[in-house]
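Inside the fold
Spelled out, the chains give:
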Amino acid sequence: QMRNGSVLRLNLGNLSADFTCLSDALAYEFFRDGGVPAPRTAYARVFHTIAGRPEVQDRLLGLYTLVENPDREWAQEAFGTKGVALFKPVTAAPFTDLGNEWTNYHRIYDPKTKTTPAQQQQVIRLSQLVSHAPDAEFNQRVAEWVDFEESAGFFACEALLANYDGIFSQGQNYLVFH
């Protein structure tokens, strides 16, 4: 299906490890209630059919959490502006200096929206600051890149939820925006 000229993507969260079937939906709601932009959720009963195979007709695969896709449209709605760069890092060591070329960062930061060269350079410069600046310089300059009020809300929610798969543990399954 198309939405505004792009493919509509569905994210289905398998609830097999969550016997309550509530954790993901409640966590996203907790973030939103805490003032942290987070995708909306719903539930989906998923069925599977294979044409020509009578034994596989409308087979129930289970209950899943349906999570709104964090993409350009979501970012525009969540942040109220166009051109938001949205990243979903997949590293336990975010903002490590990987050199001056965006190609070194692209796969690790997994952009969910189109990024401009200026936005890419901001990620590179922040990574260089985090990796190399003496404490005094870091403390003086980090506010150029980090909104502490926004970040504090996110980190508080992460800590209170004890997310086993987030920034404090596996270093993945969270979003960063510019």
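All values reported here derive from a predicted model rather than from experimental measurement.

Turning next to the side chain of Ser127. Residue placement: Ser127 occurs in helix α4 (residues 117–132). There is a polar contact of 2.9 Å between the side chain of Ser127 and the backbone oxygen of Val123. Not counting the four nearest positions on each side in its chain, Ser127 is found in contact with Phe95, Thr96, Asp97, Tyr105 and Tyr109.

Attention now moves to the packing of helix α1 (residues 23–33) against helix α6 (residues 148–161). Axis separation between α1 and α6 bottoms out at 10 Å; the angle between their running directions is 145°. Handedness of the crossing formed by α1 with α6: right-handed. Residue-level inspection shows Ala27, Phe30 and Phe31 of α1 in contact with α6, the latter providing Phe154, Cys157, Glu158, Leu160 and Leu161. When grouped by side-chain class, the residues that make up the contact of α1 with α6 number 7 nonpolar, no polar and 1 charged.

This next bit is on the nonpolar core. Counting residues in hydrophobic clusters, the biggest one holds 12 residues: Ala85, Phe87, Phe95, Trp102, Tyr105, Tyr109, Val123, Ile124, Leu126, Leu129, Ala133 and Trp145. Broken down by secondary-structure element, the contributors of at least two residues to this core are α3 (103–109) and α4. Excluding its chain neighbours within four sequence positions, the residues that come into contact with Leu129 are Glu137, Phe138, Arg141, Val142 and Trp145. By size, the runner-up hydrophobic cluster in this structure holds 6 residues, among which are Val36, Ala38, Phe154 and Tyr174.

Here α4 spans 22 Å end to end across 16 residues, near enough to the 22 Å set by a 1.5 Å rise per residue. Every buried residue of α4 is accounted for by Gln119, Gln120, Gln122, Val123, Ile124, Leu126, Ser127 and Leu129. Residues of α4 that are buried in the fold lie against β6 (86–87), α3 and α5 (135–141).

Rules of the game
- Along every chain, residues carry numbers that run from 1 in the direction the sequence is written.
- Local features in this predicted model are restricted to residues whose pLDDT is 70 or higher, and side-chain atom pairs enter the listing and the counts only when it is 80 or higher, whereas totals over whole chains, interfaces and linings include all residues.
- Side-chain metrics in this entry use all non-hydrogen atoms of the structure; hydrogen atoms and water are not considered.
- For the purposes of this entry, the term helix denotes a DSSP run of H or I that reaches at least four residues, the term strand denotes a run of E that reaches at least two, and both are numbered from the N terminus.
- In protein, a polar contact requires one atom able to donate a hydrogen and another able to accept it; more generally it is a pair of N or O atoms within 3.5 Å, and residues adjacent in sequence count only if both atoms are side-chain atoms.
- We call two residues contacting when some pair of their heavy atoms lies within 4.5 Å.
- In this description, a line fitted to the C-alpha atoms serves as the axis of each element, helices being fitted only across the stretch in contact, and the angle between N-to-C directions of two axes falls anywhere from 0 to 180 degrees.
- Definitions for this section: a left-handed crossing has its near helix turned counterclockwise from the far helix by less than a right angle. A right-handed crossing has that turn clockwise.
- Throughout, the ten residues Ala, Val, Leu, Ile, Met, Phe, Trp, Tyr, Cys and Pro are labelled nonpolar, Asp, Glu, Lys and Arg are labelled charged, and all others, Gly among them, are labelled polar.
- Residues grouped as a nonpolar core are buried Ala, Val, Leu, Ile, Met, Phe, Trp, Tyr and Cys residues, joined through side-chain atoms within 4.5 Å.
- Accessibility here uses a 1.4 Å probe with only protein chains present; expressed as a share of the type maximum, an area under 20% marks a residue as buried, one over 50% as exposed, and anything in between as partly exposed.
- Expected helix span is taken as 1.5 Å per residue step, with the number of steps being one fewer than the number of residues.

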